[in-house]
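Observations on the three-dimensional arrangement
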Amino acid sequence: MGRTKEFDEEAVLQKAMELFWEQGYEKTSMSDLVEHMGIHRKSLYDTFGDKHSLYLKTIDHYRENTSERLTCVLSDTKTASEGVKAIFDIMIHGSKECPWGCFIVNAATELALRDQEVEEKTDAVFKQTEGLIKELVLKGQKSGEFTCDLSADALADILHGTLLGVRVYTRTSANKEKLNDLADNFIQLLKCKN
């Protein structure tokens, strides 16, 4: 009979994700992970595999958590504009769970061009986000709140690209007030001109 795990897999996976998020994949050593996750090296390998396998699992972990959080936030908004503003607020101000910009943007810019598995996973997250944004844009177009001068696909692509830029800005010393103004101005561009 095997030994029972003495740790919560979800909790230590979260810790690994946070460390990769803060330091990047290349700068994070297995020793760093063992120390930060608070588990033995053997337990890390037995449960998650090597560093690369662990990294891929942290991308999946991020995807699941972010999707749930965005869905929850959007379900609390009444209008499409409020939904877009809520997404901008998450990207600009983060939360205690994600204070360093975007984990997926970091993964994509650090590894996607030279690691096919990371590219596939980050691309899947981007497509999922684009789908969510497109639904929000369609909601705004159907209610007459957002312009129909461009297709929902085009507006969703533009909005997603803007959000990616905001995610990069949040890794710098960019002024939050400037980013809030950008969000407000973008929402004004989306709105129908009567």
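Provided above is the structure to which this section pertains.
What counts and what doesn't
- Numbers given for residues are sequential positions, taken from 1 along each chain in its written order.
- With pLDDT at 70 or above as the cut-off, local features in this predicted model cover only qualifying residues; side-chain atom pairs require 80 or more to be listed or tallied, and sums for whole chains, interfaces and linings still use all residues.
- To obtain the side-chain values, all non-hydrogen atoms of the structure were included, while hydrogens and water were left out.
- Like charges are joined within 9 Å and nonpolar side chains (Val, Leu, Ile, Met, Phe, Trp, Tyr) within 5 Å, but only among residues with over 30% relative accessible area and no salt bridge; these make up the patches.
- All accessible areas in this document rest on Shrake-Rupley with a 1.4 Å probe, and a residue is counted as covered only by the protein chains that are shown.
- What counts as a salt bridge is simple: a side-chain nitrogen of Lys or Arg found within 4 Å of a carboxyl oxygen of Asp or Glu.
- In this charge count, Lys and Arg are treated as positive and Asp and Glu as negative; neither His nor the chain ends contribute.
- Here the site of a charge means NZ on Lys, CZ on Arg, CG on Asp, or CD on Glu.
- Secondary structure elements are defined from DSSP: runs of H or I of at least 4 residues count as helices, runs of E of at least 2 residues count as strands, and each element is numbered from the N terminus.
- Burial status follows relative accessibility: with a 1.4 Å probe on protein chains alone, a residue under 20% of its type maximum counts as buried, one over 50% as exposed, and anything between as partly exposed.
- The criterion used for residue contact is that any of the two residues' heavy atoms lie within 4.5 Å.
- Grouping buried Ala, Val, Leu, Ile, Met, Phe, Trp, Tyr and Cys residues that are joined through side-chain atoms within 4.5 Å yields what is termed a nonpolar core.
- Angles shown run from 0 to 180 degrees and are taken between the N-to-C directions of axes, each axis being a line fitted to C-alpha atoms and, for helices, limited to the stretch in contact.
- Here the angle decides the label: under 35 degrees means roughly parallel, over 145 means roughly antiparallel, 65 to 115 means roughly perpendicular, and every other value means oblique.
- In this scheme the handedness of a crossing depends on how the near helix is turned from the far one: anticlockwise by less than a right angle means left-handed, clockwise means right-handed.
- All amino acids are sorted into three groups, where Ala, Val, Leu, Ile, Met, Phe, Trp, Tyr, Cys and Pro are nonpolar, Asp, Glu, Lys and Arg are charged, and the leftover types, Gly among them, are polar.

On the surface, a cluster of negative charge is made up of Asp8, Glu10, Glu64 and Glu68. Relative to the helices and strands, Glu68 resides in helix 4 (residues 51-75). Classification of Glu68 as exposed rests on a relative accessible area of 57%.

Along the chain, Met37 falls in helix 2 (residues 30-37). On the accessibility criterion, Met37 (1% relative accessible area) is buried. Contacts of Met37, omitting those with residues within four sequence positions, involve Val12, Lys15, Ala16, Leu44, Phe48 and Leu54.

Here the focus is the nonpolar core. Core analysis: the largest hydrophobic core is formed by 32 residues, its most contacted members being Leu33, Met37, Leu54, Tyr55 and Phe103. Looking at this core, the elements with two or more residues in it are helix 1 (9-23), helix 2, helix 3 (41-48), helix 4, helix 6 (103-112) and helix 7 (116-142). Leu74, Met91, Ile92 and Leu155 belong to the second-largest nonpolar core, a separate cluster that totals 25 residues.

Before going further, it helps to examine the packing of helix 5 (residues 80-93) against helix 7. One way to put it is that helix 5 packs onto helix 7 with a least axis distance of 8 Å and a crossing angle of 150°. In this view, helix 5 runs roughly antiparallel relative to helix 7, as classed from their interaxial angle. Considering only the axes of helix 5 and helix 7, their crossing is left-handed. Here helix 5 contributes Ala80, Gly83, Val84 and Ile87 to the contact with helix 7, which in turn contributes Leu136, Lys139 and Gly140. Among the residues forming the contact of helix 5 with helix 7, the class breakdown is four nonpolar, two polar and one charged.

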